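# Architecture and fold: a report
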Amino acid sequence: MTATASGAAALSDVPRSTPALVACDVEGTLVRAGRRPTGAVLDAIAAVRAAGHHLVVATGRSLSGAVQAARQLGITDGWVVAANGAVTARLRPDGYSVVDVTPLDAGPVCRLVARTRPDLRLAAEVVGTGYRVTRRFPDRLLNGHQEVLGTLEEIWARPTPRVVVYGQWALRLAPALRASGVTAVAARVDWVDVTAPEATKATALERIRVELGVASSRTVALGDGENDLEMLRWAALSIAMGHAPATVRAIAGRVTGTVDEDGAAAALVDALLLPTA
């Protein structure tokens, strides 16, 4: 399935031989949750990179989860954006180096949750290692080691870029968290990611764009969720997945097929690899 137009759909007149910065969400965009990427997606990513474009994985996952996702996609060098923009790293074939971390003032967040919903679990990301948690999370929900803490205060005693709020109907706390001045994204009904107000995928990608020297007119973003809204607004060409919520599809320059239809692969080929008319 090819991408379909929905509003301003083209990159600028800059020749397609000029490298673009292509930012892709992972779950719901490049892969289904819990699945590995399809051959079509792997081929499209390889072709985009072979054409000289910069493909950046931009995800809500922790850094270790983002690195794992990038390697499964065949990306062994370049940039990754993790924790919804709070962590940026550079990949190398033999590892990675952390470039930027935006810390969260986690104390007020944790106190608000403990005061209003003491039944919910909290996890503070430890970059590259795992999480500090108030209670152990179910297996496979968090990447890395879980350090179970004795007191709530230990959650914010050391720096963290992100706090996860987890439990039944956790998303109902998102408005109150946003009102307190942080970025709160409800990834699911039982999961809210909290980062510093200035940390989004868009802010991290803009720093990468400047570092790479890519023109702002040569930026592309693909996503399917609420945590992709700023990234889609940032890009010169924004592409929403066909199954994305209406609010996401409404701001995108194009809408492609669903993740089950390999819509991301089609969109990448159409936007960056097909010859211009």
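Please read all numbers here as calculations on a predicted model, not as lab measurements.

Turning our eyes to something else, we now look at the sheet that holds strand β10 (residues 163-166). Strand order in the open sheet formed by six strands is β9-β8-β7-β10-β12-β11, with mixed pairing between adjacent strands. Each of the sheet's edge strands pairs with one partner strand only, and the pair in question is β9 (145-148) and β11 (183-188). Going from strand to strand, the sheet's axes swing by 25° on average, the running direction of each strand aside. Those strands touched by helix α3 (residues 106-116) are β7 (121-126), β10 and β12 (191-195), and its axis lies near 10° from that of β10.

For the rest of this paragraph, the subject is the pairing of β7. The pairing of β7 with β10 spans four bridges and is antiparallel. By the bridge assignment, A123 is partnered in β10 with V164. Pairing of β7 with strand β8 (residues 130-133) involves four bridges; the strand directions are antiparallel. The residue bridging A124 from the neighbouring strand is R132, located in β8.

A few words on the nonpolar core. Counting residues in each nonpolar core, the largest one holds 40 residues, and the members touching the most others are V22, L30, I45, I75, L222, L268 and L272. A per-element tally of this core places helix α8 (residues 263-272) first, with six residues.

A few words now on the packing of aromatic side chains. If you walk through the whole model with that rule in mind, you get three aromatic pairs. Between F137 and W191, the aromatic rings sit 6.3 Å apart at their centres with planes inclined by 80°, giving edge-to-face as the arrangement. One end of the pair, F137, is in the loop between β8 and β9; the other, W191, is in strand β12, and 54 residues separate them in sequence. Judged by relative accessible area, which is 2%, F137 ranks as buried. With relative accessibility at 8%, the residue W191 sits in the buried group. The interplanar angle of 70° and the centroid separation of 6.0 Å between the aromatic rings of Y166 and W191 together place this pair among those described as edge-to-face. Of this pair, Y166 sits in strand β10 while W191 sits in strand β12, and the two are 25 residues apart along the sequence. We classify Y166 as buried; its relative accessible area is 14%. Put simply, the rings of F137, Y166 and W191 pair up and form one aromatic cluster. Directly above the ring of W156 sits R111, whose terminal nitrogen or CZ lies 5.1 Å from the centroid.

Burial along strand β2 (residues 21-24) is two-sided: the face carrying L21 and A23 and the face carrying V22 and C24 are both buried. Across four bridges, the pairing between β2 and strand β3 (residues 54-58) is parallel. In the sheet register, L21 faces β3, and the bridge partner there is H54. As for the winding sense of the linkage, the β-α-β connection from β2 through helix α1 (residues 39-50) to β3 is right-handed. Pairing between β2 and strand β13 (residues 219-223): four bridges, direction parallel. From the neighbouring strand, A23 faces β13, where its bridge partner is A221.

About the criteria used
- Counting from 1, residues in each chain are numbered in the order their sequence is written.
- In view of the model being predicted, local features appear only for residues whose pLDDT reaches at least 70, and side-chain atom pairs are presented and counted only at 80 or more, with totals across whole chains, interfaces and linings using the full set of residues.
- The basis for the side-chain values is all heavy atoms of the structure; hydrogens and waters are excluded.
- Paired strands are those between which DSSP finds at least two bridges.
- Strands are runs of DSSP state E lasting at least two residues, helices are runs of H or I lasting at least four, and both sets are numbered from the N terminus onward.
- Orientation is described by axes fitted as lines to C-alpha atoms, over the contacting stretch for helices, and by angles from 0 to 180 degrees between their N-to-C directions.
- Here, residues are in contact when the closest pair of their heavy atoms is within 4.5 Å.
- Side-chain atoms within 4.5 Å are what join buried Ala, Val, Leu, Ile, Met, Phe, Trp, Tyr and Cys residues into a set we call a nonpolar core.
- For every residue, the accessible area (1.4 Å probe, protein chains only) is compared with the maximum for its type, and the residue is labelled buried under 20%, exposed over 50%, or partly exposed between those bounds.
- Side-chain rings of Phe, Tyr and Trp, where Trp is taken by its six-membered ring, are said to pair if the distance between their centres is within 6.5 Å; with planes under 30 degrees apart they count as stacked, over 60 as edge-to-face, and otherwise as tilted.
- As a reminder, the over-ring test applies to NZ of lysine and CZ of arginine, requiring each to be within 6 Å of the ring centre and within 35 degrees of the ring normal.
- Call a crossover right-handed when, viewed with both strands pointing away from you, the route from the first strand across the helix to the second goes clockwise.

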